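Here is how the chains run, residue by residue.
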Amino acid sequence: MWIPTEHEKYGVVLASFRGTVQHGLPLEIGDTVQILEKCEGWYRGFILKNPNVKGIFPSSYIHLKNAHVKNKGQFETVIPVEDSVITEMTSTLRDWGAMWKQLYVKNEGDLFHRLWHVMNEILDLRRQVLVGHLTHDRMRDVKQHITARLDWGNEQLCLDLVPRREFSMVDPDEISVTELYRLMEHRHRKKETPAPASTHHLFVHVKSLMSANLGEELEVFFHIYDGRENRPLSERFFVKLNKSGLPKSPEKTERQCTLFVDLGSSDLRKDVYIVVHIIRIGRMGAGEKKNLCSVQYRRPFGCAVVSIADLLTADSKDDHLLKVYACNTESEWFQIHENIIKKANSRYNLSGSNTGLAVALQLLHGDIEQLRREYMVLFTRGVSITRKLGFSDVIMPGEMRNDLYITLEKGEFEKGGKSVARNVEITVYVLDIDGQILKSHVAAGSGEPGGDDYHSLVLYHNNSPRWAEQIKLPIPVDMFRGSHVRFEFRHCSTKDKGEKKLFGYSFVPLMQEDGRTLPDGTHELIIQKCEENTSLADCSRYLKLPFSKANLPSNNQTLKGTKESFWITSFLCSTKLTQNGDMLDLLKWRAHPERINDSLSKLKEIDGSEIVKFLQDTLDTLFGILDESSQRYGLKVFDSLVHIINLLQDSKFQHFKPVMDTYIESHFAGALSYRDLIKVLKWYVDRIVDAEHQDHIQQVLKASEYIFKYIIQSRRLFSLATGGQNEEEFRVCIHELFMSIRFFLSQENKSTSPVAQTQAVFLRTFPAVYGELLKIFTVREVAGFVRETLGSLPTAAHADCLEAVKLQCIAKTVESQLYINPESRCILLPVVLRVLQAHMQEQRDLVMCARILTSMLSLIKKEENGTAEPVVSEEVELIVESLLGVLLRTILEISNRPQPAGPAMRLQFQDVTGEFVACLLALLRQMSDRHYQQLLQAFSSKDNLRDFLLQIFTVFRILIRPEMFPKDWTVMRLVTNNVIITTVLYLSDALRKNFLNDKFDYKVWDSYFYLSVIFINQPCLQLESFSPSKRKKILEKYGDMRVMMGCEIFSMWQNLGEHKLNFIPAMIGPFLEVTLVPQPDLRNVMIPIFHDMMDWEQRRSGNFKQVEAKLIDKLDSLMSEGKGDETYRELFNSIIPLFGPYPSLLKKIERETWRESGISLIATVTRLMERLLDYRDCMKLGEVDGKKIGCTVSLLNFYKTELNKEEMYIRYIHKLYDLHLKAQNYTEASYTLLLYDELLEWSDRPLREFLNYPMQSEWQRKEYLHLTIVQNFDRGKCWENGIILCRELADQYESYYDYRNLSKMRMMEASLYDKIMDQQRLEPEFFRVGFYGKKFPFFLRNKEFVCRGHDYERLEAFQQRMLNEFPHAIAMQHVNQPDQTIYQADAQYLQIYAVTPIPESQDVLQRDGVPDNIKSFYKFNHIWRFRYDRPFHKGTKDKENEFKSLWVERTTLTLVQSLPGISRWFEVEKRELVEVSPLENAIEVIENKNLQLRTLITQCQSRQMQNINPLTMCLNGVIDAAVNGGLARYQEAFFVKDYMMNHPEDGEKIGRLRELMFEQAHILEYGLAVHEKFVPQDMRPLHKKLVDQFHLMKSSLGIQEFPAYVRASPVHFTNGSPRTCRNSVPNIISPDGGRGVARRSYPAVNRYSSSSLSSQASNEVSNITGQSESSDEVFNMQPSPSTSSLSSNHSASPNVTSSAPSSARGSPQMAEKHKHSRENACLSPRERPVSAIFPNPLDPAQRAPTHQIGDTTLPRSDPNLSAPDKVRPTPSSWSLDSVKEGAPSLSDSFGKLLCPPVPPRPPYSGSSAKNMRSQSPVSASRSPQKTTVPPFTPSPTECQSTSLVSNSPVLSGSYSSGISSLSRCSVSEASGTELPAGDHPPHPLPPPTTLPNSVSSSSDEPIRRENKTPPPYSVYERNNPRRPVPLPHSLSIPPQTDPPALPPKPHQLRTGSMKLDGTSDPRVPRPRPLPRKVSQL
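Residues numbered from 1 in each chain as written. Predicted model: local features only at pLDDT ≥ 70, side-chain atom pairs only at ≥ 80, totals over all residues. Heavy atoms only, no water.

**Considerations on the overall build of the protein**
What the protein contains, in helices and strands, is 72 helices and 40 strands. For the protein, the proportion of contacts with a sequence separation of at least 24, taken over those separated by at least 6, is 74%. Of the accessible surface of the protein, which amounts to about 85,800 Å², a share of 52% is contributed by carbon and sulfur atoms. (Helix = DSSP H or I, 4+ residues; strand = E, 2+ residues; numbered from the N terminus. Contact = heavy atoms within 4.5 Å. Areas by Shrake-Rupley, 256 points an atom, 1.4 Å probe, with all protein chains shown as cover.)

The structure is reproduced here in structure tokens:
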């Protein structure tokens, strides 16, 4: 049976449990569980991190822990009873764990590894704490380490700052808000700026000396040297090195490592150095032989110097290699370091190129105890301490030190009868009073233990040696008296024996007779002569002698006159001994009573360090004198006491204050002193007002704290001794003293007067007295003193400085022990509040005011236990009454002030705001119902209450600002919000009661709603974005405050009644923001408000347009502000259910009369929201991709078409423009900006400032836009479009006579033309992309698009790019349309394949002579339609010949807009499917291959090809395939009887196929001829093989000899198939035949003469129709190696069939003249009649019946005839007369263009020009002027008649070889001809889209599309059965019709006045919608 557990409540899982039993709960090791019930070895409960899932688990798997249970029962919470640091550590590590893994995912490797180490470190420390074996101090250190690391990790992971006290977390509910703020701020400050340490220490570790010439032992001395004052700062550190240069005692680290301690901050500067002196121990000369002498001397070796400033940058123990220098002359040794510092290079040099001292140097900061904790290893391993010379900056009491430092400076010696100077060595001994040598008391420095003596350096042959060696004599204090130091001088011989001979000595006693020590400074000692054998053992003999020349009596001239002297410098650093006689006189006052007066007077001149050394003795002396003769010395003793007390205020001696405190408590015995002290103090106070000099009195008042301490302690001692006698007398004295104080404080003075300054001094020290007074007086009495004293200050303060001091005094009062007591608070609070209120109202000293308020309010919190005590309640009431209003005003003031400039000021400013805010929150948190009632009742009028409410709401809005607190202060923000919501609940009642109905006040209500909305939307309340543990904590502590506030909004809204109309539509936006919060309860509360708003708006105005407009604007602004970016997508998704299937709103709306408009509004908003959501998701950080652009286009179109929001539309135009620029889509950027440009007109209407545009006229803005667009078209290489805009701008400049800009514009236009001709443009690929599945954004979902690829981007690259943009998408591997399952799938599917563009401007592409550079633009720009072919087999597939069943499914896609446009991709609007039969497919394949061959041949002929390889490959591919059965397969498939019987309707097509095969053979033959001419020598064998294979191919096709019509002329390749001209005679193929004339006669146009195709790329199939399949691709279409490329199962260029000119195909209804134009296509480049250049269109309605014309009319061409005889024009080569006859109107229009005049042509009896007629190609144009141009252009032949031909010098080839080149010439000439004035005004050229879409380009295309099958091929077969071989069209004669209309000439399209007449072609590009006018944008 399951029993609820009593004690087993909380445990940790020891081993993982799978939970396989019924109701089992799976557990992982380390999980914490809460246990609910138990039963026979099983527990039931849940894991704390997932409390919703409950289950059972074995009790043996759980380690139970003690826990504290709150709210026992169903909703109990369990808190483990353990150290709070452990609890925090555990929960923090759990949070970090999840985030740590994310760091790995995000590839933040550095932080990942650092966090890993820190987590391991914390776990180790946690283990130590849990074991519990740590000492108290160690535990403290461990906790400090833990919390430091937790804080570091939280900061790195951007988690919250944890407020702590004593390492444990603080519960914000248990301390006041002000205290919480202080803790947070303290931790924040600590994090920001660690306080700089005042003491520093230098760690030195000697490694080795590296030198080539070692071999002797060395001594190394380090010391710190002040280069500015040229003196050492520290004693020396001494290391001995062996002969290898390594430390002698490596095992004793303290002998190699030292810490130079107690360096002050002033010592860390550039001119403070570490100086190293190196001494060698060995022979006198470094190079002497070893056997000369066994005696060793200390000799100079070298010196190294390094600046301490260099170490400041090094954090770790960096190893330094110090350069060692030697001095040039030994006499300079004493100052070598100075020379190195001064860089006096002449005096020293490097001791060796590779000599260096390796040392580790590190600066450590902080006091020595701190270092012992932090660098424990350093101290445990051993390190010697090297002290400063003298005391440190701060002298610590109890520090014991007694060091005498003696520096051996220099000596002056006589030669001593020698010819050379002496080698002098000094030996130093210390001897005690008995003359015994003190052992181990002579130290060369720290590091090595002291010795019995010290041997100095020996300087070679120097009678005036200067050593500058410092030694340390650590002599005990008790041995100082009577001790002396003896210096023995010896001469060191360099002879064989190496003796050291004594020749003199000096001595110096350490203490004088009167007890003073040897004074600091330099002493010149007398050298006493003596010999080696003289006994120095008896000291008494020489101690009586004088030791110093300064001490010699004046009559002793003999000693004074001796030259020999020895100088030393002594320095004593002792805490016990003094060199000051005055100090000794004072301490021994009883011995000399007469000197007391002098001694007391001289005390002020004694150095402070001497006084603090003997502090207790000095105080005893003073009070002893006071007790014995108070009358006589009372004032002097008092002054001396004041001097000592003030001395301890100095930072150097401040640590001696505790020594004085201890003295007062324990040693002070002056029981009677209080009377004298009070008396003297009162005497001074009484004299203040009258005294002229206040300095001394101020010193007295500064010392008043300690004076009172002495007074109180003295009184207590007296009371103890006498049993409390004279109590009343004492009280009276104190009262009188305070009366005197109050009197002097009440004096009103100017701030500059001395009395005011004295008042300030007293106020600074006064609060320190309270604690002393409390030792004797009651709390109320002391509070009374304080109140009266502070109250006595003058109220009208003249002195600003006094006011500031007064505030400081109050601050200290509030922080003192006195104020903590509630009794005293009642007395003091009114005084404090009065002063505070005055200051805050005047906005003075706000920092101090904040400090006082903080202290006051933190105390109130401490007193509260659950319910407020009456005392506390009264205090809160008082504070609210006097300070709440002024506090609100202060916060408003300082928040609205401009931020100060300096960083320090800004910091202080921020602090003050934060502190006042904390005070306000603390105060509001303390207020109860009663306080609120009293507050609201206290307002005298409604206006005052209104002002208060407005004020407090505004302040709350300020508190909610994100910048109010640092971002990681979540704890503080939550407390703030809790206080705000509590206060708002109280205040909303006042709002309802006082400001509704007739008293309604919009401003207050608006402020209230605005505050509520901001409150709900705060980031710190969006619980969804927090981790589960953090969310749980917040909900447990505060609940969801957003819901509470939402309910309050709803309740207040319901109360408004008809006043709701005031908030419509203003509150729609704010309330909408609230509904975006993903909190279901909050939405349930807020949704009815929307219904209410719509209802009230409907009642008021009959619609809710306002609501709709506001909703839309707000939704967009939320997006542009980036709202919701930091939360999940659900936040914005919420709007869809809100306006979609959300029951509460839709159901309500459906009941209303206005349901239709309501539902339509919801639909609109939902659609907009979907787009905005997509936009928001796409705009996340990252590169610009198609998704972002597509999304913006979708939104932009939505605003324009559906919402008609002009301003939004323009904004998104510019957003899209910026995206394009960023992605370098310059063409798209131009089209985008054109949208805005088209909204503007050329008017002077002023436009307001908008986006980045300044205020300007509409004309100026449009001009700026034009220029920007042209610039971008230029960058996008879309120069044709730029030209149009240039012209439009030029027209504007011309109309304003702005010739300067007109000139620039024309030059710009010219430069664009140049670029078209000169620069290479890449031809883009186009791809169709389908986006299927519900996971795609709304604007892509289940739609298909065509995308323009980037430069050089092929299908694979594009596919990869799309998959990168949609990483979750699956690429579909087929091209079939997907089914519904794919459409509805919860996934993303991408279907991508390449498509071919179908150009609209066929006319330009089919014109002969138009350069490739121009054609390439029309092939790939302004494309609406695209094609894709998919081969498939219908019926049974013939394995032997698959072409029989190979059909092609042709898909034509039509887009909503042409490419390129405002995006790189557009949606497919229409999709057409056509099936192409196998026969039609075969025709197309062969046509395409023929076209490719022609192109390559002409390119080769015109030398456009760099090498001949492409042609070779193409010929090889076709001939080889044909030989292997390519064409034969087609014959097998379609030329058999079975096929003809089964498909009788295909007769013409079969004929067409046969003709194409013959045509191909003919092209190949011609191609081989061209190939033979250009083929290089090494490829000749291949060419021969090709020729042989070609003959095989011919025979396989059954061609023995080409028919006459095929053989007649060389091939010309323009638009049609190679055909012969009817008028030609048979001729041999001559590759040269067509080129001679052009080269000689018309060099200017020669580059176009041989090619009628514009492609420069050798692998192009066709440039006429924009096909871009390479020859490789054509080859690859073969189903098998044996199959010809002609018989491909893949469709060839898709445009050949649909867009090829009709002249290339037959048609039953086709007029004979069209056949004629196809005949012309057979001609060679020089033979074709001119009309063949422009194929002649014919409208289906105007087709004429066919006529049969006999053979006899065909003219013949004979090579032997002369040129004039030979030239006989064809029917299409018109004379001028014939043109006039056929089109008189044309001659009127264009007659004036025909210059020069052309002579008449020879008569021709054939057909008349009247027989030809055609319809002019008319089409709509898409120009900016919105007009279309009738495209009339004279035929090129009008400009040049045959007379020009007859003038040509030589005509090789057929009769028309010259006309072709003339036709080219005529095009270029005609376009360049200037129009005479008045005939045709120039008009700007429409954009390239406007070039007419000539119907001629595919006159039979509509029929082909309808029939789905091509028309029968040849009419002639049916009409002329006599011919066994089918006769092609080239043999039929066109009927006699009117001459054809002329295609348009480029420059004549520039007309804006002529209108389009008649009908236009359905395929004409759609015109843009007319622009709307922009209002002031």
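**Quick look at unusual backbone geometry**
Cis rather than trans, the peptide bond between Leu 1459 and Pro 1460 has omega equal to -5°. Considering the arrangement of structural elements, one finds Pro 1460 in the loop between strand S39 (1446-1459) and strand S40 (1465-1476). Despite not being glycine, Lys 1277 shows a phi value in the positive range, around 60°. Note that Lys 1277 resides in the loop between helix H46 (1258-1275) and helix H47 (1279-1295). Backbone geometry places Tyr 1297, a non-glycine residue, at a positive phi of 55°. Position of Tyr 1297 relative to the elements: it lies in the loop between H47 and helix H48 (1299-1318).

**Digging into the sheet that holds strand S31 (residues 565-574)**
Strand order across the open sheet formed by 4 strands is S26-S23-S31-S29, with antiparallel pairing between neighbours. Across the chains shown, the open sheet's two edge strands, defined by having one partner strand only, are strand S26 (466-473) and strand S29 (521-526). Put simply, the sheet's adjacent strands are angled 25° from each other on average, direction ignored. Where S29 lies against S31, 6 bridges are found, and the strand directions are antiparallel. Bridge pairing links Ile 526 to Ser 565 in S31. (Pairing = 2+ DSSP bridges. Axes fitted to C-alpha atoms, helices over the stretch in contact; angles between N-to-C directions.)

**Notes on the nonpolar core**
By size, the foremost hydrophobic cluster in this structure holds 282 residues, and its most contacted members are Tyr 710, Phe 916, Phe 1009 and Phe 1071. Considering each element in turn, this core owes the most residues, 12 residues, to helix H28 (residues 870-896). If we skip the residues at most four places from it in the chain, Phe 1009 touches Ile 1049, Met 1052, Trp 1053, Leu 1056, Phe 1063, Met 1067 and Phe 1071. Formed by 55 residues, the second largest nonpolar core is a distinct cluster that contains Phe 221, Val 424, Tyr 429 and Leu 525. (Core = buried A, V, L, I, M, F, W, Y, C linked by side-chain atoms within 4.5 Å. Buried < 20%, exposed > 50% of the residue type's maximum accessible area, 1.4 Å probe, protein only.)

**Structural notes on the packing of helix H32 (residues 970-994) against helix H33 (residues 1002-1016)**
Between H32 and H33, whose axes approach to 12 Å, the crossing angle comes to 155°. Comparing the axis directions of H32 and H33 gives the class roughly antiparallel. Regarding H32 and H33, the two cross each other, and that crossing is left-handed. Of H33, the residues touching H32 (which contributes Asn 977, Ile 980, Ile 981, Val 984, Ser 988 and Leu 991) are Val 1004, Trp 1005, Tyr 1008, Leu 1011 and Phe 1015. Considered class by class, the residues forming the contact of H32 with H33 number 9 nonpolar, 2 polar and no charged. (Parallel < 35°, antiparallel > 145°, perpendicular 65-115°, else oblique. Left-handed = near helix turned anticlockwise from the far one by under 90°. Nonpolar A, V, L, I, M, F, W, Y, C, P; charged D, E, K, R; others polar.)

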